Amino acid sequence: MTIKHKVFAVGLALALAGGGAAVTQAQTKKYTITTVVKIAGVAWFNRMEQGVALFAKDTGQNATQVGPASADAALQNQIVEDLIAKKVDAITVVPNSPESMEPVLKKALDSKIVVVGHEGSNLENVTYDVEAFDNAAFGAHLMDNLAKAMGEEGEYAVFVGHLTAKTHNQWVDAAIARQKDKYPKMKLVADKQESLEDQQVAYTKTKELLQAHPNLKGIQGSASTDVAGAALAVEDAGLGSQVNVVGTSLPSIAGPYITSGTIKAISFWDPAKAAYVVDKVAVMALEGKKVEDGMNFGQEGYEKVTLKGHVITGQAWVDCTKDNLSTFNF
Amino acid sequence: MRRLLSRLATSPQGIMLATGIVLAVLFSVANPVFLSAPNIVDLLRNAIVTGIFAIGVLIVLASGGIDVSFTAIGAFALYATTKLLIVSGIHPPMLAIFAIGIAIGVALGFVNGLLIGLLGLPTLIVTLATLSLFRGALLTFVGTLYYGTIPAEMVAYSRQPLLAFHLASGRVVQLPLAFGNFVLVAGFAALILGSTMFGRKIYALGGSEEAAARIGIDVRRVKLAIFMLVGGIAGLAGVTHVTLMRIANPFDLVGSELNVIAAVVLGGARITGGHGTVSGTIIGVLVITMINSSLLLIGVPTYWQRLVVGGLILFGTGLPIAIERFNLHRARLRAAAGPTVTVQAPV
C-alpha cells in the first residue's frame, strides 16, 4: 500500500510540476497499468501476478493485477469498465471470451487507454497482443518431445480438451504433421481423443486406448489435466515402463508423474515472463515507441519476437522434466 | 419360473438389465476385448464415483424430490478435506479422512434440508441454487489451487487393491479398495429403503406427500433427514474421487449431475417419485458407464461418440416405457375380451 501511495504521490507531483512540459517528462512519468486475468486465485494467474510484481519492482511503474472470482466473461467486462472509469493509463487483458470483450476494449481505446492482449491473437480492439509462441511451432515441439521419449518409433495417441478448442487442435494437428514429416516409424492410432478438460475422462479413455491398442507407446496431452489422467491410467495398468506421456501441463499438476517417470516432459509457457513482456509493451505504447519485428524484450523466449499486424509472438515455451521440476512453483 | 421371468421382463430393472446385456453382446461382437477381464475391471472402477452419487440421487428421487447440488457437495468435501489435511499437517487414518468428508457433506446437506424441509421450498429450485452457492463458496473461501500431491494416507489407500492380477503381457489389472465404498453405500441404502420405517416413509412421501402427512409422518423431519443422508453420501463420493484420481481439483465433479441422474432414471426410478430400487440403480450406473467408456474400444469415431451416447440413453429410457405401454395396452384388451379377468397395472 505504501509503495502504491508513494508512486501515486510521485505521479501527482510530476503532474503538478510538469504543466506544459509533458513531452520532456515522458521518460520519468509513472503509469498505472492494470492486468485483467481470466480468473483470480488459480496457480497459473498467481504465477502471472509474480511477473507483474517483478515488472513493477524493476521499473517503478504502478503495475497490478486483478481478476474475477470465476472465469466469467461478463464479470471480466465489468472489471474493464471500472478501470476505464478510474482512468488507468493501460489495461492488459487475458480474455475469457475474446469476441465478447471487443466492445468494452473499444471503449477503452476510445478513452485513450492503451490496451495490450495476451492469449487473444484474434482481438481487434487492442494496441498490441502478445503471444508466447506460435501454436504450430509449439505443437511440433511437443511431437519432438514425444518422439524422443518413444525412441522415434511405435504407436501413439493424442488428446485435446475439446474438439472445438482451437489452440488444442492447432497443437495436435501440427504435432501429427511433424510426425508424418520427421518420424515415419511412429503411427497415430485412433483419432483425436476428447478429454472434456476432465482428468477422469482422460483416465477412462487412456484405459480404453490401452485395451484397444496393446502396443501403445506414447500419449500426447493438451489440456493441463490430460497428462495426469493418462499417466495415472498407465501406472494403474502397470505399464509405466512401456507407455510415455508428454503434453501441455503445469508442474503442480503433473509433478508426481514426472517424478515417477511416466510423464517424460511437459511444456508450457511461463505466465510471469509473458506478463512482464505484456507490461513492457504497454509502457512502450504509452511512451509512443513502436514495437518492431525482431525486437529483444530481455526475457527468456522473447529475445527475438516476430510482429505480424499488431500481434507480437515469442518462442517462449518451457520444458519441465525430472531434472528441473524442483525449480517451478506453479 | 415362467411367472418369475415374465415379472422380471416387465419390471424396469429387468428391462434395463436385458438392454444392458444386448448392448454388451453388441459391443463384444464389435471388439472381443470388451468382455476381457481387464476391461470389465476397468468398467467397475469407472462406475465407483457415479455409483455412490447415484445411490444418493435414488433416495431423493424415491422421496419425490430431485437433487442437482450433490456434485457441488462432493467437490466441496473432496477439496476441503484434502486442504484441511495438507494445511494442518495432521495424518489421521483413512477411516477418519472419510469421516471428515462425510461430515462436511452432512453439514451441506443440512443446509438443503433446512431450506426444503423447514421452509418447504421446491427441491429443484433449492438444489439448483445451492449447486451454485456451494461451488461458489468453495472457490471463493476455500481455494482454487490444484493439489497434485495429496496426503500419503490417501495415496496408500488408493494403491490398495480389492482385487489384483497380472496378465501374461505384463499388464496389471486391479480393482481399487474404493469399490468397497460403492458396495457398502449400496448395501446400506438397500437396508434403509427396504427394511426400515424411515425407508417406508421415503417411498410414502414420494407416492403422495399429502397422504404421508395425513397418516402421521412428520414430512419436514423426514426431508431434513433425507438431505443430510444424501449430503453424507455425496461427501463420501467426493473423498473417494480424490483417492481414485490422486489430485484434489476443486473444479472436478460439478457438471456430471445429469449423467448420474440419467443413470438412476435408466435404472427405473421415476422423476415423479415413489419408485426406484437399489438393484435397478446399480444396473443403470453400469449401463451408463459401459456406454460412456466403450465407444472408443468398439471404434466409434470421436466426433460420433456424443451422438451415440445420446441415442443409447434415449433408447435405454424409452424402451422400458414403450414396453410398459404395450403391457398396459394388452391388459386392457384382455379386460375388454372377458369381464372376469382382473386388471392389474404393472408397477
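Conventions and cut-offs
- Residues numbered from 1 in each chain as written.
- Chains lettered and ligands numbered in written order.
- Predicted model: local features only at pLDDT ≥ 70, side-chain atom pairs only at ≥ 80, totals over all residues.
- Heavy atoms only, no water.
- Helix = DSSP H or I, 4+ residues; strand = E, 2+ residues; numbered from the N terminus.
- Rg over C-alpha atoms; globule rule 2.2 N^0.38 Å.
- Buried < 20%, exposed > 50% of the residue type's maximum accessible area, 1.4 Å probe, protein only.
- Contact = heavy atoms within 4.5 Å.
- Areas by Shrake-Rupley, 256 points an atom, 1.4 Å probe, with all protein chains shown as cover.
- Lys, Arg positive; Asp, Glu negative; His and termini not counted.
- Charge placed at Lys NZ, Arg CZ, Asp CG, Glu CD.
- Buried area = accessible area lost by both parts, 1.4 Å probe.
- Salt bridge = Lys/Arg side-chain N within 4 Å of Asp/Glu carboxyl O.
- Polar contact = N/O pair within 3.5 Å; in protein donor to acceptor, adjacent residues only side chain to side chain.
- Nonpolar A, V, L, I, M, F, W, Y, C, P; charged D, E, K, R; others polar.
- Domains from an automatic or database assignment.
- Pairing = 2+ DSSP bridges.
- Right-handed = clockwise from strand over helix to strand, strands pointing away.
- Axes fitted to C-alpha atoms, helices over the stretch in contact; angles between N-to-C directions.
- Phe/Tyr/Trp six-rings, centres within 6.5 Å; stacked < 30°, edge-to-face > 60°.
- Core = buried A, V, L, I, M, F, W, Y, C linked by side-chain atoms within 4.5 Å.
- Expected span 1.5 Å × (residues − 1).
- Parallel < 35°, antiparallel > 145°, perpendicular 65-115°, else oblique.

## Structural notes on the overall build of chain A
At step 1: The secondary structure content of chain A amounts to 11 helices and 14 strands.
At step 2: Radius of gyration (C-alpha) of chain A: 22 Å, near the 20 Å computed for a compact globule of 330 residues.
At step 3: Taken along its principal axes, the extent of the C-alpha atoms in chain A is 75 × 35 × 35 Å.
At step 4: When the 330 residues of chain A are sorted by exposure, 53% land in the buried category.
At step 5: Long-range pairs, those at least 24 residues apart, make up 67% of the contacts in chain A with a sequence separation of at least 6.
At step 6: For chain A, the accessible area works out to roughly 13,800 Å², and carbon and sulfur atoms hold 55% of it.
At step 7: For chain A, the centre of its 31 positive side-chain charges and the centre of its 37 negative side-chain charges are spaced 5 Å apart.

## Details of the overall build of chain B
At step 1: What chain B contains, in helices and strands, is 15 helices and 2 strands.
At step 2: For chain B, whose C-alpha radius of gyration is 21 Å, the value lies close to the compact-globule estimate of 20 Å for 347 residues.
At step 3: With the C-alpha coordinates of chain B rotated into their principal frame, the extents come out at 75 × 60 × 35 Å.
At step 4: For chain B, with 347 residues in total, the buried portion stands at 51%.
At step 5: At a minimum sequence separation of 6, the contacts of chain B that also span at least 24 residues come to 77%.
At step 6: Accessible area of chain B: about 15,800 Å², with a carbon and sulfur share of 70%.

## Here's the deal with the interface of chain B and chain A
In many analyses, interface size is given as the accessible surface area lost on bringing the parts together.
At step 1: Chain B puts 35 residues into the contact, and the matching count from chain A is 37 residues.
At step 2: Regarding the contact of chain B and chain A, the summed buried area is about 3,000 Å², with carbon and sulfur atoms giving 51% of it.
At step 3: For chain B, the biggest contributors to the area lost against chain A are B:Met245, B:Leu296 and B:Thr302; these three give 22% of the whole.
At step 4: Summed over the shared surface of chain B and chain A, the number is 3 salt bridges.
At step 5: The closest approach of N and O atoms between B:Arg246 and A:Asp236, which form a salt bridge, is 3.5 Å.
At step 6: There are 7 residue pairs in polar contact (both at pLDDT 80 or more) connecting chain B and chain A.
At step 7: Every element with two or more residues in the side of chain B that touches chain A is listed here: helix H3 (37-46), strand S2 (172-176), helix H12 (219-245) and helix H15 (302-337) of chain B.
At step 8: Per element, the largest residue contribution to the side of chain B that touches chain A is 5 residues, and it comes from H3(B).
At step 9: Classifying every residue of the side of chain B that touches chain A by side-chain character gives 14 nonpolar, 15 polar and 6 charged.

## A few points about the domain arrangement of chain A
All names here are of chain A.
At step 1: Domain boundaries in chain A define domain 1 (31-132 + 270-314) and domain 2 (135-269).
At step 2: Listed per partner, the contact involves 8 residues of domain 1 and 4 residues of domain 2.
At step 3: For the pair domain 1 and domain 2, the summed buried area comes to about 510 Å², and 70% of that belongs to carbon and sulfur atoms.
At step 4: Ranking the residues of domain 1 by area buried against domain 2 places Trp 44, Ala 132 and Asp 270 at the top, with a combined share of 68%.
At step 5: Applying the counting criterion to the domain 1 and domain 2 interface returns 0 salt bridges.

## Observations regarding the pairing of strand S2 (residues 62-66) of chain A
Residue and element names in this part refer to chain A.
At step 1: Bridge analysis of strand S1 (residues 32-36) against S2 gives 5 bridges, and the strand direction is parallel. Within S2, the position partnered with Thr 35 by the bridge is Gln 65.
At step 2: Each parallel crossover has a hand, and the one from S1 via helix H3 (residues 43-59) to S2 is right-handed.

## Re the sheet that holds S2(A)
Residue and element names in this part refer to chain A.
At step 1: On the basis of which strands lie adjacent, the open sheet formed by 7 strands has the order S2-S1-S3-S4-S5-S13-S12 and mixed pairing. Each having just a single partner strand, S2 and strand S12 (306-308) make up the two edges of the open sheet. Within this sheet the neighbouring strands show an average axis-to-axis angle of 20 degrees, counted without direction.
At step 2: Lying over the sheet, H3 contacts S1, S2 and strand S4 (114-118), oriented at roughly 170 degrees with respect to S2.

## Some words on the packing of aromatic side chains
Working definition: an aromatic ring pair is given by the centre-to-centre distance plus the angle between the planes.
At step 1: Within the structure shown, the criterion is met by 17 aromatic pairs over all chains.
At step 2: Ring plane angle 90 degrees and centroid distance 5.4 Å describe the contact between A:Phe133 and A:Trp269, whose orientation is recorded as edge-to-face. Highlighted residues: A:Phe133 in the loop between strand S5 (128-131) and helix H6 (135-150) and A:Trp269 in strand S11 (residues 263-269), separated in sequence by 136 residues.
At step 3: For A:Trp269, a relative accessible area of 11% gives the class buried.
At step 4: With centroids separated by 5.2 Å and ring planes inclined at 55 degrees, the aromatic side chains of B:Phe53 and B:Phe70 adopt a geometry described as tilted. Of this pair, B:Phe53 sits in helix H4 (residues 48-62) while B:Phe70 sits in helix H5 (residues 70-88), and the two are 17 residues apart along the sequence. As far as the burial class goes, B:Phe53 and B:Phe70 line up, both buried.
At step 5: Each member of the aromatic cluster is reached from another via a ring pair, and the members are A:Trp44, A:Phe133, A:Phe138, A:Trp171, A:Phe268, A:Trp269, A:Trp317, A:Phe328 and A:Phe330.

## A few points about the pattern of salt bridges
At step 1: Under the criterion given, the structure shown has 15 salt bridges over all chains.
At step 2: Among the ionic pairs, A:Arg47 bridges to A:Asp270, the shortest N-O distance being 2.7 Å. Within this pair, whereas A:Arg47 is found in helix H3, its partner A:Asp270 is found in the loop between S11 and helix H11 (271-286), the two being separated by 223 residues in sequence.
At step 3: On the basis of relative accessible area, A:Asp270 is assigned to the buried category, the value being 6%.
At step 4: With a closest N to O distance of 3.3 Å, B:Arg214 and B:Glu210 form a salt bridge. Of this pair, B:Arg214 and B:Glu210 both sit in helix H11 (residues 209-214), separated by 4 residues, roughly a single helical turn.

## Focus on the nonpolar core
At step 1: Membership of the largest hydrophobic core comes to 97 residues, with the highest contact counts inside it found for B:Phe53, B:Ile55, B:Ile59, B:Met154 and B:Ile226.
At step 2: Here this core gets 13 residues from one element, more than from any other, and that element is H12(B).
At step 3: Grouped together as the second largest cluster of nonpolar side chains are 73 residues, A:Trp44, A:Leu142, A:Ile253 and A:Ile312 included.

## Looking at helix H7 (residues 166-182) of chain A
All names here are of chain A.
At step 1: The terminal C-alpha atoms of H7 lie 24 Å apart, and with 17 residues this matches the ideal 24 Å at 1.5 Å per residue to within 8%.
At step 2: For H7, the set of buried residues is His 168, Asn 169, Trp 171, Val 172, Ala 174, Ala 175, Ile 176 and Gln 179.
At step 3: Residues of H7 that are buried in the fold lie against H6, strand S6 (154-160), strand S7 (186-188), strand S9 (216-221) and strand S10 (244-248).

## Description of the packing of helix H8 (residues 152-159) of chain B against H12(B)
In a pair of packed helices, the angle between the axes and the distance between the axes together describe the arrangement.
All names here are of chain B.
At step 1: It is the contact of H8 with H12, at a shortest axis distance of 8 Å, that shows an interaxial angle of 80 degrees. Accordingly, the angle class assigned to the pair H8 and H12 is roughly perpendicular. Every residue of H12 that contacts H8 at Met 154, Tyr 157 and Ser 158 is listed here: Val 239, Val 242 and Thr 243.

## What to know about the pairing of S1(A)
All names here are of chain A.
At step 1: The element S1 is extensively covered by neighbouring structure, given that 4 of its 5 residues are classed as buried.
At step 2: Pairing analysis gives 4 bridges linking S1 to strand S3 (residues 90-93), with the strands arranged parallel. If you follow Val 36 over to S3, its bridge partner there is Val 93.

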